[in-house]
Amino acid sequence: MTRVTPTRRLAHHLRVRHDEDCLASGLEVWATPDIVTWDELIERLFALDRQAGRLDGRWVPPSAASVIWERIVRDDPDLDPLVSSAGVARAAYQSWRRLHDYCIPLDALTGDDSPETAAFARWCQQYLRLLESRGWVDAALAQTRVQAEAAQPGLEFVGFDQLTPLQEALLERWAAAGLPVQHAPALPGGGAACRVRCLDFAAEIDAAARWAAELLHERSDRRVAIVVPELRARRETVRRIVERVFVPSTGMTGGPVPEGQAFELAAARPLVEQPVVAAALDLLDLFVRPPDLQTLSRLLRNPFLTGAAEEAAARARLDARMRRFEGPGLGLAAFERMAAERGCPLLAAALTAGHTALSKWPEKDIPSNCSKNIFGLLTSLGWPGTAVDSAEYQAEQRWRSLVSELGACDEFTGRVTRAEAVGLLREMAGRVLFEPQELRVPLLVIDPETSAGMTFDALWVCGLDAARWPPPAAPDPFLPRTAQVRHGVPRASAELAARQSRRVLERLLAGAGEVILSVPEVEDDAPLLPSPLVASIPTLDLPAQWLAPRLAAAQYARRPALEAMVDGAFPPITADEARRGGARLLELQAACPFRAQAELRLGARALEEPGMGVDAAERGDLVHKALAVLWLELGSQGALLALDAADVQAVVRRAVAAALAEARRTADDLLRHLLDLEAAWLEARVLSMVDADRKRTAFAIEDVEEPYSAQIGALTLEFRPDRIDRLADGSLAVIDYKTGANAEVRAWLDERPRLPQLPAYVQALGAERVSAVAFARVRSGDTGYVGVARDADAFPGLREPGAKGWPREYASWEELLGAWRRRLEALAAEYASGDARLAPDPPRACEYCHLGALCRIAETTAARAGEDGGDE
Ligand code: SF4
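So, here's what we can say about the structure. All figures in this text were calculated on a predicted structure; none of them were measured in a lab.

Burial along strand E21 (residues 715–719) is one-sided: Leu715, Leu717 and Phe719 are buried, and none of Thr716 and Glu718, which face the opposite way, are. Judged from the five bridges that link them, strand E20 (residues 708–712) and E21 form a sheet pairing that is antiparallel. Paired with Ser709 across the bridge in E21 is Glu718. Count of turn residues in the E20/E21 antiparallel hairpin: two residues, of which Gly713 carries a positive phi of about 60 degrees.

What follows is the structure in structure tokens.
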């Protein structure tokens, strides 16, 4: 007799139980029991009926049916283009299955006026027409057609909380045709049950894990389970807490440990999320569509590619280099050359082999050939490497069978392009849920639905609060609500949801000799009430040993008295370091001493993020280049004033073209188009800047981007001011071009000047020679000069120390220069002494800093808040 289960996990569980029973009774060999899920049974019966000539038609596997639904939904002209057709198709295919499982007639769809149901009705008609015209039969339709003969010698149903109306009707028909059909006896039940209250979800899992550990410590052959609603979504939290109890060393080594050593989390995730499968899809994508820099970067970090371990360091360096120097147009061939030249010969060889394999794969082909070529391409790239662990091996095997399933879709999809074939595979891997096979560990953590039909020695059920048991109604979005309620679709209404929850809870209570139900008291600070379904279960106070403090808390409570010391210093700089640096050094030291030391002395720089088009830093460079070219050509305001408007336009255009020339040389079509837009923006901004220069008093260009050096405290710093103008009285005005929003006079007036470049340039040129410093702001709608001058008449538009509204502490130009000198020397002294305090100034400086993970400012701030009696 064939046993039928609702889940694969239960089928596996029953097989394992059977093996254990046979072993315990002294058998050495025994027949493998025939145990299948409902879907597997239908597919098998359809095949047998077809062989026997009782049915005709061609079986459409679920993966092919999904592809057909996706195409129907995607090609629907009425579907909002912003909606993901793949996601909608997945939901619609489930609704199609539900429609049949609950015997809802297709006619019911036509009486409903919701747009979702109308669209679904359209898709159903199309799908049915296609299936009928080709003689195809999918799993939903096959359920209504398979015959009792194929199911001989009989069926036994195990673990179903409730049969669907279609299953009931079918069993009735089969029983009438003489097929023996049995239902496994209800679970024995009758064990002791009690309920406990825990503070929150984390406390529930923690207490449940301690309870399980205690039981298993007493007798390790017990079968113990913790049932967690919504386990898939909470998987990582659950894992972290259970691991801390069962494998405390992970709290110190950082974990996680491989599952199966102490417990198993039965929460299947989509196959596409398994790293080994995601890596395979990335590799395929690389060859079937033009790769962007992110894809190439992921390739360099792909651990399942040939030579990943041997070339790890070289690939990391190549990644950093590519992010810094390469543009979006870097193709696979150029990347392959780079790999060969930069210490990654194994990678380069794998890519060459990949190209050879790709050449055998026609651009468009039937899926069965695509499937062969996909295997060939992955093999040539060395996927999945030689160091896969057990779970990765199982995921790899499931992926291989998925590629084979794609190969069986010839009839359903026709010829597809390479990119379409890989896209189909990605879709299929997103739909397939995968979990490694049960590893016979003593503790199983499982969700309520998947635990159907299983029995344990002891069971803990979490999350029995009123908001979750029963859960709120969640009707199917495509089926008419009234039809769903009439046909009993679970969760179609609050009443149906309550009925289903009651059934599941009864089954769980009967599933073990000892059952503990836990209820959280709060969630996100909101109080929770116990579920009314557990009102009659006696309450128990949590025993102290299940409340034992966590290992980390226990260690913390017994910590020895420590001497507190904040080590915020690097070694003082060497003589050599004292000669390295420029304006950036002062700027970083002013913003945060740790950042200056880490960036400039340890080289802690962020990896560049490759992006499309011209980013803010590149735009700043272009502005500098264009204005440098312009003023080197003009030489003075007089020369500018001598030109008419057309000539000025021509000079500016030449300067902009010169600035963009280098970027244009290596640009692809798309980037060239973006550079055209950039040229128009740049020309307008430079013309506005020229306008501002026309309105100034007379000046001549003294220097453009020439190097200067200055001794500031113990440091000898190198500078390159953007521009120096000689004013009519012979004094100098120093100018710094800025495209950002933060160029203001205020940036020079704090104790730690936020933008200390211009004050530092004054030191380099000699304070007595300079009479004005100015930011030239080059921004849309905000182009012009801001700054400060000894005499505002000599540089109109700048502010003059001592004038109305000017801070009193700098009553004159000389006092301002004196304050700058002192502050710059203080910053230089801090840097030279190795001062590396975490002292961001202003505190929001951290928002623009990439070193948070290195300096751990968040942890430090939290710790300080704790010391200060903060409320966190
Ligand atoms: S994140 Fe903040 S504290 Fe840390 S280095 Fe950057 S600026 Fe300093």
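From this point, the narrative continues.
Let us look at helix H28 (residues 645–665). Between its terminal C-alpha atoms H28 stretches 30 Å, which fits the 30 Å expected from 21 residues at 1.5 Å a residue. Largest kink in H28: about 35 degrees, centred on Ala659. The secondary structure elements touched by the buried residues of H28 are helix H26 (616–634), helix H27 (637–641) and helix H29 (669–694).

Here we come to the side chain of Asp365. Among the secondary structure elements, Asp365 is positioned in strand E11 (residues 364–365). No salt bridge is formed by the buried Asp365; its nearest oppositely charged neighbour, Arg415, is found at 5.1 Å. Among the polar contacts made by the side chain of Asp365, one reaches the side chain of Asn369 at a distance of 3.1 Å. In this view, Asp365 contacts Cys370, Gly414, Arg415 and Val416; residues no more than four positions away in its chain are not counted.

Our next topic: the nonpolar core. Core analysis: the largest hydrophobic core is formed by 59 residues, its most contacted members being Trp69, Trp96, Phe120, Trp123 and Trp174. Among the secondary structure elements, those contributing two or more residues to this core are helix H2 (38–51), helix H3 (62–74), helix H4 (85–101), helix H5 (115–134), strand E4 (136–137), helix H6 (139–142), strand E5 (155–157) and helix H7 (165–176). In terms of residue count, H5 provides more of this core than any other element does, eight residues in total. Discounting chain neighbours no more than four positions away, the residues touching Phe120 are Trp69, Ala92, Ser95, Trp96, Leu99, Leu109, Phe478 and Leu479. Judged by nonpolar contacts, the second largest core, of 54 residues, contains Ala279, Ala280, Leu284 and Trp383.

The rules behind each value
- Residues numbered from 1 in each chain as written.
- Predicted model: local features only at pLDDT ≥ 70, side-chain atom pairs only at ≥ 80, totals over all residues.
- Heavy atoms only, no water.
- Buried < 20%, exposed > 50% of the residue type's maximum accessible area, 1.4 Å probe, protein only.
- Helix = DSSP H or I, 4+ residues; strand = E, 2+ residues; numbered from the N terminus.
- Pairing = 2+ DSSP bridges.
- Expected span 1.5 Å × (residues − 1).
- Bend = angle between axes of the 7 residues up to and from the residue.
- Contact = heavy atoms within 4.5 Å.
- Lys, Arg positive; Asp, Glu negative; His and termini not counted.
- Salt bridge = Lys/Arg side-chain N within 4 Å of Asp/Glu carboxyl O.
- Polar contact = N/O pair within 3.5 Å; in protein donor to acceptor, adjacent residues only side chain to side chain.
- Core = buried A, V, L, I, M, F, W, Y, C linked by side-chain atoms within 4.5 Å.

In short, shape yes, function no, at least from these values alone.
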